[in-house]
Amino acid sequence: MTYAYDFDTAVDRTGTWSVQWDGVAARFGVDGLLPFTISDMDFTSPPEVLDALRERISHGVFGYTDWRLGEFREAVRDWHALRYGTAPDPERLVYAPSVLSQVSQLLRMWTAPGDGVVVHTPTYDGFRKAVDGLGRELRGVPIGDAAALERELARDDARVLLLCSPHNPTGRVWTEDELAGFAGLAERHGVAVISDEIHADFAHEGHRHLPWTRFAPARGRWALVTSASKAFNFPALTGSYGVIGDPDEHAAFIRRMETGEGLASPAVLSLTAHVAAYRHGAPWLDQLRGYVMGNLRLVEDRLAAAFPAVDWHPPQAGYLAWIDLRPLGVDDQELQRELVEREKVAIMPGAVYGAPGFVRMNVGCPRTKTEAGVEALVRAAGRLRKD
């Protein structure tokens, strides 16, 4: 396929304070590894976003800003109307430095120390850190286990269902029936819902992301939190937004952020990037998703040829290959030692997300890098397989 944008040319990210590239030794103990780790991409952001940033920088004045001025809220509304058929009311939006900062603030509002926060397992490690750090109790429920989910939500001290939609690390896009079921259980047991939808814009062909706003009651404790930074690859600019269901909860959140947290003025370049991405970035994003699916198909084909028993297929959303290597009988620690010491690559072990025997491989990168990573994984696992 011919792309109007260049996704094949590698961009040197070393020396840019990159967590994925420059920070690899902090997690894996060795510097200079080829990384497939934290979920940002190796692609430059859309040219339309870069042009808007250059124009804003050329103005030269970066005083205090207000996200409610200008067209940020309208750009969010129009993007959601175009992509998901559901336009959030601009007056119901909130703003924060990151999705996780919103999650943490909402947990402070809606829970007390020791309260239960229910998540699907395997679990995004950022959720675990936020919940544990606030002194709440993370309670995992395996994906697809409806009985376990209801059992956990029915506990007297269960306060929040923390939903990842689409799911990280598995890339699962929840169906309409599943989301309606979650909403019904939450209402029945009086549990708040926080839906992290930062991966929504990366749902692949054949799968449709449905925002939580379609299932939530008009009032009550629920929030949808998200950002354009994941899909358009500018997390370093910070910035996220959300929709909070109840007007009083909405006002309380803004009051906390602007007074208790002292975050009244957002990063102006984040606002600029969001508006440009949502107004002009759709063609780039749609082509990028196709390119990433090509990477995922490459992984699928190589694993099928080397390890038919693994039976791996691309995720429904995102650029993270969540691979179950348990059929090979490979020891996790031995695999990491082979990958790091012999293959010189960094691939996330599933234990980070509560799932030993899996790996999570980020293929949001040029095709040549994906090929190098999957070949390294195949060689390392092949030397250790016990099936």
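Below or above, wherever it landed, is the structure these notes cover. (Residues numbered from 1 in each chain as written. Predicted model: local features only at pLDDT ≥ 70, side-chain atom pairs only at ≥ 80, totals over all residues. Heavy atoms only, no water.)

Here we look at the overall build of the protein chain
Step number 1: Helices and strands together make up the secondary structure of the protein chain, namely 13 helices and eleven strands.
Step number 2: The C-alpha radius of gyration computed for the protein chain amounts to 21 Å, which stays within 12% of the reference 21 Å derived for 387 residues, consistent with globular compactness.
Step number 3: Overall size of the protein chain, expressed as C-alpha extent along the three principal axes, is 60 × 55 × 40 Å.
Step number 4: Considering only intrachain contacts with a sequence separation of at least 6, the fraction spanning at least 24 residues in the protein chain is 75%.
Step number 5: A total of about 16,400 Å² of accessible surface is found on the protein chain, and carbon and sulfur atoms cover 51% of it. (Helix = DSSP H or I, 4+ residues; strand = E, 2+ residues; numbered from the N terminus. Rg over C-alpha atoms; globule rule 2.2 N^0.38 Å. Contact = heavy atoms within 4.5 Å. Areas by Shrake-Rupley, 256 points an atom, 1.4 Å probe, with all protein chains shown as cover.)

As for the environment of Arg-56
Step number 1: Here Arg-56 is to be found in helix α2 (residues 47–59).
Step number 2: Not counting chain neighbours up to four residues away, the residues in contact with Arg-56 comprise Val-61, Phe-62, Val-268, Leu-269 and Thr-272.

Side note on the pattern of salt bridges
Step number 1: Using the criterion set out here, one finds 28 salt bridges in the structure.
Step number 2: Across the salt bridge formed by Arg-68 and Asp-66, the nearest N and O atoms sit 3.1 Å from each other.
Step number 3: By relative accessible area, which is 27% here, Asp-66 ends up partly exposed.
Step number 4: The shortest N-O distance in the salt bridge between Arg-326 and Asp-324 comes to 2.9 Å. (Salt bridge = Lys/Arg side-chain N within 4 Å of Asp/Glu carboxyl O. Buried < 20%, exposed > 50% of the residue type's maximum accessible area, 1.4 Å probe, protein only.)

Structural notes on the layout of surface pockets
Step number 1: In this model, the largest pocket occupies a volume close to 1,400 Å³.
Step number 2: Lining the largest pocket are 48 residues; nearest its centre among them are Ile-38, Ser-39, Asp-40, Pro-235 and Ala-236.
Step number 3: Within the lining of the largest pocket, the residues separate by chemical class into 22 nonpolar, 16 polar and ten charged. (1 Å grid on protein atoms, 1.4 Å probe; cavity = no way out; pocket = protein on both sides within 12 Å on 5 of 7 lines; lining within 4 Å. Points joined across faces, edges and corners; volume = space filled by probe spheres on them. Nonpolar A, V, L, I, M, F, W, Y, C, P; charged D, E, K, R; others polar.)

Points about the sheet that holds strand β8 (residues 240–244)
Step number 1: Spatial strand order, β2-β8-β7-β6-β5-β3-β4: seven strands in an open sheet with mixed pairing. At either margin of the open sheet sits one strand with a lone partner, and together these are β2 (93–96) and β4 (137–142). The mean inter-strand angle of the sheet, taken between neighbouring strand axes irrespective of direction, is 25°.
Step number 2: One ladder, built from four bridges, connects strand β6 (residues 192–196) with strand β7 (residues 222–226); its direction is parallel. Pairing of Ser-195 across the sheet is with Leu-224, part of β7.
Step number 3: Contacting β2 and β8, helix α9 (residues 247–260) crosses the sheet at an angle of about 25° to β2. (Pairing = 2+ DSSP bridges. Axes fitted to C-alpha atoms, helices over the stretch in contact; angles between N-to-C directions.)

A look at helix α7 (residues 176–189)
Step number 1: Spanning 14 residues, α7 covers 20 Å between terminal C-alpha atoms, matching the ideal 20 Å at 1.5 Å per step.
Step number 2: Of the residues making up α7, those classed as buried are Leu-179, Phe-182, Ala-183, Leu-185 and Ala-186. Within α7, the buried residues cover an arc of 165° as seen down the axis, which keeps them to one side. The exposed set on the far side of α7, more than 90 degrees from its buried face, consists of Asp-177, Glu-187 and Arg-188.
Step number 3: In this structure, the buried side of α7 is in contact with β3 (116–121), α6 (146–153), β5 (158–164) and β6.
Step number 4: Once α7 finishes, Gly-190 follows within two positions and takes phi at roughly 65°, a positive value. (Expected span 1.5 Å × (residues − 1). Arc of directions from axis to C-beta.)

Things to note about the packing of aromatic side chains
Step number 1: The final tally for this structure, using the stated rule, is 19 aromatic pairs.
Step number 2: For the ring pair Tyr-124 and Phe-127, a centre distance of 5.3 Å and an interplane angle of 70° mean the geometry is edge-to-face.
Step number 3: Its relative accessible area of 2% is what places Phe-127 among the buried residues.
Step number 4: Among the aromatic residues, those joined into a cluster by ring pairs are Tyr-5, Phe-7, Phe-43, Trp-67, Phe-72, Trp-79, Tyr-95, Phe-232, Tyr-241, Tyr-278, Trp-284 and Tyr-291.
Step number 5: Cation over ring: Arg-367 sits above Tyr-291, and NZ or CZ is 4.2 Å from the ring centre.
Step number 6: Note that Lys-369 overlies the ring of Phe-36, its terminal NZ or CZ placed 4.8 Å from the centroid. (Phe/Tyr/Trp six-rings, centres within 6.5 Å; stacked < 30°, edge-to-face > 60°. Lys NZ or Arg CZ within 6 Å of the ring centre and 35° of its normal.)

A few points about the sheet that holds strand β11 (residues 358–362)
Step number 1: Judged by pairing direction, the sheet is mixed, and its four strands sit side by side in the order β1-β10-β11-β9 without closing on themselves. The open sheet has two edge strands with one neighbour each: β1 (34–36) and β9 (320–324). Sheet twist, expressed as the mean angle between neighbouring strand axes with direction ignored, is 30°.
Step number 2: Relative to β11, strand β10 (residues 345–349) runs antiparallel, the two being bridged by two bridges.

What about the nonpolar core?
Step number 1: Core analysis: the biggest nonpolar cluster contains 114 residues, and Leu-106, Leu-162, Ile-194, Trp-212, Phe-232, Ile-323 and Leu-335 have the highest contact counts within it.
Step number 2: With eleven residues, the top contributor of residues to this core is helix α11 (residues 282–306).
Step number 3: Ignoring sequence-local partners within four residues, the contact set of Trp-212 consists of Leu-163, Leu-179, Phe-182, Ala-183, Val-193, Ser-195, Glu-197, Trp-222 and Leu-224.
Step number 4: Val-340, Ala-346, Tyr-353 and Ala-355 belong to the second largest nonpolar core, which has ten residues in total. (Core = buried A, V, L, I, M, F, W, Y, C linked by side-chain atoms within 4.5 Å.)

What to know about the packing of helix α3 (residues 72–84) against helix α10 (residues 268–280)
Step number 1: For the pair α3 and α10, interaxial distance at closest approach is 9 Å and the crossing angle is 35°. Handedness of the crossing formed by α3 with α10: left-handed. Counting all contacts with α3, which are made through Phe-72, Glu-74, Ala-75, Val-76, Asp-78 and Trp-79, the residues of α10 involved are Leu-271, His-274, Val-275, Ala-277, Tyr-278 and Arg-279.
Step number 2: When grouped by side-chain class, the residues that make up the contact of α3 with α10 number eight nonpolar, one polar and three charged. (Left-handed = near helix turned anticlockwise from the far one by under 90°.)

Remember, this is a structural readout, not a statement about activity or role.
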